[in-house]
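# Structural overview
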Amino acid sequence: MSRRLAQIICAIFGVVMFLLFFSPHPAARTIALTITTEYWQVIYAFALIVGAVSFLRVNVKNIQRGQDSGYRIISLIGLVAMPTVAIIWGIGANTPFMWIFENIQVPLQSTVFALLAFFVASASFRGFRARSLPAAILLISAVVILLSRSWVEGQFASGLIATADWIRSYPSMAARRAILIGIGLGSLTTSLRVIVGIERTWLGGGR
Amino acid sequence: MDISTLIAGLLTIAILTFLYRDNPIYKFAEYLLVGVSIGYALVIAWTSTMMDLLFEPLAGGKFSLIVPLTLGLMIFARMVPRFSPLSRIPLAVLIGSGAGAAIPAMLGPRILTQMSDTVGNVVGTGAGPSFSGIVVLIGLLATLSYFYFSRPHQGALGLSAKIGTYFLMVFFGATFGYTVMSRMSVFIGRAEFLLSDLLGFMK
Amino acid sequence: MKLEARHWTFVGLLIVVVGAMLLGVRPDVTISDETQRMFEYIDSLPEGSVLIYSFDHESSSLPEIRPAALALVRHSFSKGHRIIGVALLAEGTGIGYRLMEMAASESGRQYGRDWVYLGFKPQYIAAILSMGESIEKTFPQDYFGTPYDSLSMLSGVVNYQQVAGVVSIGDGNMAVHWIEYGQSRFGIRISSAMTAAMVTTYDPYISSGQLHALIGGLRGAAEYETLLKIGGGGQRGMLAQASAHIYILLLILAGNVIYFVSRRRRD
């Protein structure tokens, strides 16, 4: 029963959103606004909260089982600390909430990302080899692009930027455009299949 | 140096220790990051959406919001196996509206406009087709043929798909070049923080 | 402590970047056409134009994206543009506010009159679409809970029709959503400052004119700072950036030399 009802609701919202795209009528615009702000965003925000609650449950379970308990407690402290300080002091500019964000979350997350610089260096040495014609093309393209943004472009090789820009604007762009169109066609057909009820994997198992 | 910089610096170094190998200091920082970032997202979602778009207007008498509130609460049914089918209803609203909005977005700006720009640069210019325009047209068709798997890549299709791989390699090469730039930039940003704010070596 | 081959490539990168930064040299950069176009676009907007700066990135890319974002916001403030700050990714919320607050205080811009910060809304497609209908209904309050209609700058700003353009500060596909839902549905002009890794993804949109202008990564920031004739994080990092590129090129070269020599020996 719930599967059928969900499919019908999905189809109605799909068709309505599709039709609303083409209508400039004020009533249509009001409906579009209601769907996007009152339904789409509110439900999505609830989904975010469900995600956080699930995270909490999984971690508590693992702590009880003694799996990485110490580390998981640290995670939970972080998770609980943010709402706690937000409730007590708010989320304004000079609050503990922003302090934690700026001095703990931002440095940690950006440094995790910075690690990739080192792995890129290692991969360049170990894996970036002209073993075949396609690999050689890839390598040449990468080298020209990198050289064109390495200061030497203005000092020694005047045509380097023009060559790099041409590669980016034409052959590279053509391939990217094909990927983009391919994804577009895939998304288009998937959306249609979802609305007409052929694609039902999102419903999951059960009745 | 203030305490904030010291903590941010120590946490930065804790993450960098992973370069040697996985270790407890890195793991501490990693788990802390996961907890704090979920807590942050939770607070922001609560204040900017639940309060703004739901509870405050509801308290102000906008009772039509009881419907999205009920739908939102139904997502929690996912956590109780007996009631979990109920969570399909709000999911249906999200997926249905997403699919409905995606069709014109994919068809127009992604497929038709991109096709139009490709063809327009070959036949739509007053000066006749340019060399670069023809390269784009050939590259686009050849790459698309590479992704066509309904027939074996033999004969003309095989040749076209092979040319497509060369275009793809040019794209991947260019993207690799820019990705190197990107990753280096992030590291440079962190290095600047360590050298300047934490250690005071730079002004 | 046992070091493997990869550790030596790490040590090499560390030496190159730290060494270049300590030298403190700021090399001249060649201005690319795309940065020039972005600069001219922002520069050409008349005083009082309303611009939306959307902070669509996470803190992971902050070191790379911040200099470009700061240069753009500074430029806008110097031209007297009125700025609406929003965030379509949760982490962009705090980052965007701090950045705008800093640029505003530098140039003496007043909150509520010259700039406002509306904060975050989840589900970016829904947010982009609903702002096209009504910005007030999407953000009934600003980041601090002040009602939309109490902010004098927003008086008369209903939807994208009163906005000159959107600048998405992003590290992923968010500008694609701005193009496919904002530009195509409502005709709003989209530009973007993005991480360098994303630049090639947007080339088809630049070619078709759907994305009006873009600047990419730290290099783009350095070019923009040069055009603005101000210093900044982009220029400070340029020697290290160029040195790191050369280092990577040398690693690629060394890897290939080793590969071909060992293959010849094997044959």
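This text goes with the structure placed above it.
Notes on the structure in this doc start here. (Residues numbered from 1 in each chain as written. Chains lettered and ligands numbered in written order. Predicted model: local features only at pLDDT ≥ 70, side-chain atom pairs only at ≥ 80, totals over all residues. Heavy atoms only, no water.)

## A look at the overall build of chain C
The number of helices and strands found in chain C is 11 helices and 6 strands. Projected onto the principal axes, the alpha-carbon positions of chain C cover approximately 75 × 40 × 40 Å. A buried classification covers 64% of the 267 residues belonging to chain C. Residue pairs in contact within chain C that sit at least 24 positions apart in sequence constitute 73% of those at least 6 positions apart. As presented, chain C carries roughly 9,200 Å² of accessible surface, and 52% of it is formed by carbon and sulfur atoms. Distance between charge centres in chain C, computed from 22 positive and 24 negative side chains, equals 6 Å. (Helix = DSSP H or I, 4+ residues; strand = E, 2+ residues; numbered from the N terminus. Buried < 20%, exposed > 50% of the residue type's maximum accessible area, 1.4 Å probe, protein only. Contact = heavy atoms within 4.5 Å. Areas by Shrake-Rupley, 256 points an atom, 1.4 Å probe, with all protein chains shown as cover. Lys, Arg positive; Asp, Glu negative; His and termini not counted. Charge placed at Lys NZ, Arg CZ, Asp CG, Glu CD.)

## A short note on the pairing of strand S5 (residues 190-194) of chain C
Residue and element names in this part refer to chain C. For S5, the buried fraction is high: 5 of the 5 residues fall into the buried class. When strand S4 (residues 165-170) meets S5, the two strands line up parallel, connected through 5 bridges. Among the inter-strand pairings, Gly 170 is bridged to a residue of S5, identified as Met 194. Since S4 and S5 lie parallel, the crossover through helix H7 (residues 174-186) that links them has a hand, and here it is right-handed. The sheet contact formed by S5 and strand S6 (residues 213-216) spans 4 bridges and is parallel. The partner of Ala 193 across the bridge, within S6, is Ile 215. Since S5 and S6 lie parallel, the crossover through helix H8 (residues 203-208) that links them has a hand, and here it is right-handed. (Pairing = 2+ DSSP bridges. Right-handed = clockwise from strand over helix to strand, strands pointing away.)

## Quick word on the packing of aromatic side chains
A complete count under the given rule lists 32 aromatic pairs over all chains for this structure. Aromatic side chains Phe 13 of chain A and Tyr 39 of chain A sit 6.0 Å apart centroid to centroid with 50° between the ring planes, which places their arrangement in the tilted category. Of this pair, Phe 13 of chain A sits in helix H1 (residues 2-20) while Tyr 39 of chain A is found in helix H2 (residues 26-65), placing the two residues 26 residues apart along the sequence. Classification of Phe 13 of chain A by relative accessible area gives buried; the value is 16%. Within the aromatic cluster, the residues linked to one another by ring pairs are Phe 55, Tyr 97, Tyr 111, Trp 115, Tyr 117, Tyr 143 and Phe 144 of chain C. Its end group placed over the ring of Phe 21 of chain A, Arg 185 of chain C keeps NZ or CZ at 5.3 Å from the ring centre. (Phe/Tyr/Trp six-rings, centres within 6.5 Å; stacked < 30°, edge-to-face > 60°. Lys NZ or Arg CZ within 6 Å of the ring centre and 35° of its normal.)

## A word on the layout of surface pockets
Taking a probe equal in size to a water molecule and rolling it over the atoms shows the remaining empty space. By volume, the largest pocket is sized at about 990 Å³. In terms of lining residues, the largest pocket is bounded by 37 residues, among which Arg 190, Phe 193 and Asp 197 of chain B together with Leu 62 and Arg 66 of chain C are the most central. Of all elements in the fold, only helix H4 (96-126) of chain A, helix H1 (3-16) and helix H6 (155-198) of chain B together with helix H3 (62-78), helix H4 (90-106), helix H9 (217-228) and helix H10 (233-236) of chain C reach the threshold of two or more residues within the lining of the largest pocket. (1 Å grid on protein atoms, 1.4 Å probe; cavity = no way out; pocket = protein on both sides within 12 Å on 5 of 7 lines; lining within 4 Å. Points joined across faces, edges and corners; volume = space filled by probe spheres on them.)

None of this, on its own, says anything about what the molecule does.
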